[in-house]
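If you want the building blocks of each chain, they are given just below.
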Amino acid sequence: MSVVSGKIIFCEGKQTSLDFRLLNRVVENLLTNKPTIVPSGSKFTFSIFVQGYFSREEVTNQQYIIFRDRDFDVKPTANIALIPLNSMLLTHRACVENYLFNADLIHNYWHTKYIEKQDNPTSKWGHGDSPGVEAISAWIEEAARSLQDYQTVRWALSDLLQSSASRHQFKTTWTGGSGELPPSLTLQDCQNQAEALINQFQQAVRTVTQDRFEQSLTVYQQQFAQEEFWTQKHYLIWFHGKDIQKAMQQRDSRYISLKIFFDWALNQLDVNQYPDLIELQNRISPLQ
């Protein structure tokens, strides 16, 4: 059995994921006692993974952080900061990809590859020179605008999800689990407890209604239609980055591959431009 000590950061995905590589950028300037970053697969299995990870090791003085995408699980806050959810810390922007939609960064990559092509005729670069920062900014915004209705619906559905029993697993016992028996084992008493569980679940499920959905839909329609939402580029915070990426690629097939750009951009990204990533550094640094 190996011994685990020091600090650990759990993140989504694999070692090739953007999450893992972004975290490496966040911690690279820590001078001493850098953390171990552990990719943990899906966000839905974090708690199980963490328990299993520590149960197979001899744990000494263990401190850890769970860091993942916010997705549609929580609304972004007015101040730019990490968002706590249970035992996890969530990105302020919807996901890691959202930090990479920067017109200047895309322009620099595009132009750099074009210059490399001039110096190396065997280069397979086939996109020509960058169309410029203004054209790239328009590319990003136009893709986001095409998603406005879709993101509105996704957020309205998220509101229903947060307020319903759809996140509550219907259980087969009212005790702590198998091996923990109720005070009474008679059929009548057990049936009464089961009926109470059913009633509780049905009451929660009733919150998923067409009216509630339409109320939320109206709120997000109004929010995403505000001029400030677009001039302040709030769509880079609210709209999911993977959706923006897909919409951008669909708009013009002659444009660059964003997946390949992301690989390059992560090494160029200035994490100090993002207060929530600075906060993450500050949370990691004092861990022993």
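Worth saying up front: this structure is predicted, and the values here are computed from it rather than measured.

Time to look at the overall build of the protein. Scanning the protein for helices and strands turns up twelve helices and seven strands. Within the protein, the fraction of its 288 residues that count as buried is 42%.

Summed over the entire model, instances satisfying the criterion amount to nine salt bridges. A salt bridge links Asp263 to Arg21; its shortest N-O distance comes to 3.1 Å. Here Arg21 lies in helix H1 (residues 18–27) and Asp263 lies in helix H11 (residues 258–268), a separation of 242 residues in the sequence. For Asp263, a relative accessible area of 35% gives the class partly exposed. The partly exposed category is assigned to Arg21, whose relative accessible area is 24%. Ionic pairing is found between Glu28 and Arg25, a salt bridge with its closest N-O pair at 2.9 Å. Its relative accessible area of 36% is what places Glu28 among the partly exposed residues.

Taking 1.5 Å as the rise per residue, helix H7 (residues 210–225) with 16 residues should run 22 Å; its terminal C-alpha atoms sit 22 Å apart, in good agreement. Every buried residue belonging to H7 is among Phe213, Ser216, Leu217, Tyr220 and Phe224, and all of these are buried. One side of H7 carries all its buried residues, which in axial view fall inside an arc of 110°. The exposed set on the far side of H7, more than 90 degrees from its buried face, consists of Asp211, Gln215, Gln222 and Ala225. Buried residues along H7 sit against helix H5 (148–162), helix H8 (227–231) and helix H9 (235–238).

The next point concerns the sheet that holds strand E5 (residues 63–68). Judged by pairing direction, the sheet is mixed, and its five strands sit side by side in the order E3-E2-E5-E7-E6 without closing on themselves. Each edge of the open sheet is held by one strand with a lone partner, namely strand E3 (36–39) and strand E6 (83–85). With strand direction ignored, the average angle separating the axes of adjacent strands in the sheet is 30°. In terms of strand pairing, E5 meets strand E7 (residues 88–90) through three bridges, oriented parallel. The residue bridging Ile66 from the neighbouring strand is Met88, located in E7. The strands touched by helix H12 (residues 275–284) are strand E2 (7–11), E5 and E7; relative to E5, the strand with the most contacts, the crossing angle is about 165°.

It is worth spelling out unusual backbone geometry at this point. The phi dihedral of Asp71 is positive, around 55°, even though this residue is not glycine. Position of Asp71 among the secondary structure elements: in the loop between E5 and E6. Note on Asp71: relative accessible area 12%, which makes it buried. For Asn86, which is not a glycine, the phi torsion comes out positive at approximately 55°. As for its placement among the helices and strands, Asn86 is situated in the loop between E6 and E7.

The subject of this paragraph is the side chain of Asp69. Its place among the elements puts Asp69 in the loop between E5 and E6. Lys242 provides the closest opposite charge to the buried, unpaired Asp69, separated from it by 4.1 Å. Within polar-contact distance, the side chain of Asp69 engages the backbone nitrogen of Val96 at 3.2 Å. Among residues more than four places away in sequence, those in contact with Asp69 are Glu12, Asp19, Leu90, Thr91, Ala94, Cys95, Val96 and Lys242.

Tallying each qualifying case throughout the model produces 23 aromatic pairs. Between Trp139 and Tyr255, the ring centres sit 4.4 Å apart and the planes meet at 85°, which makes this aromatic pair edge-to-face. Residue Trp139 is located in helix H4 (residues 133–146), and its partner Tyr255 is located in the loop between helix H10 (241–251) and H11; the two are separated by 116 residues in the primary sequence. Given a relative accessible area of 3%, Trp139 falls into the buried group. Each ring, one from Tyr220 and one from Phe224, has its centre 5.8 Å from the other, and the planes form 35°; the classification is tilted.

Rules of the game
Residues numbered from 1 in each chain as written. Predicted model: local features only at pLDDT ≥ 70, side-chain atom pairs only at ≥ 80, totals over all residues. Heavy atoms only, no water. Helix = DSSP H or I, 4+ residues; strand = E, 2+ residues; numbered from the N terminus. Buried < 20%, exposed > 50% of the residue type's maximum accessible area, 1.4 Å probe, protein only. Salt bridge = Lys/Arg side-chain N within 4 Å of Asp/Glu carboxyl O. Expected span 1.5 Å × (residues − 1). Arc of directions from axis to C-beta. Contact = heavy atoms within 4.5 Å. Pairing = 2+ DSSP bridges. Axes fitted to C-alpha atoms, helices over the stretch in contact; angles between N-to-C directions. Lys, Arg positive; Asp, Glu negative; His and termini not counted. Polar contact = N/O pair within 3.5 Å; in protein donor to acceptor, adjacent residues only side chain to side chain. Phe/Tyr/Trp six-rings, centres within 6.5 Å; stacked < 30°, edge-to-face > 60°.

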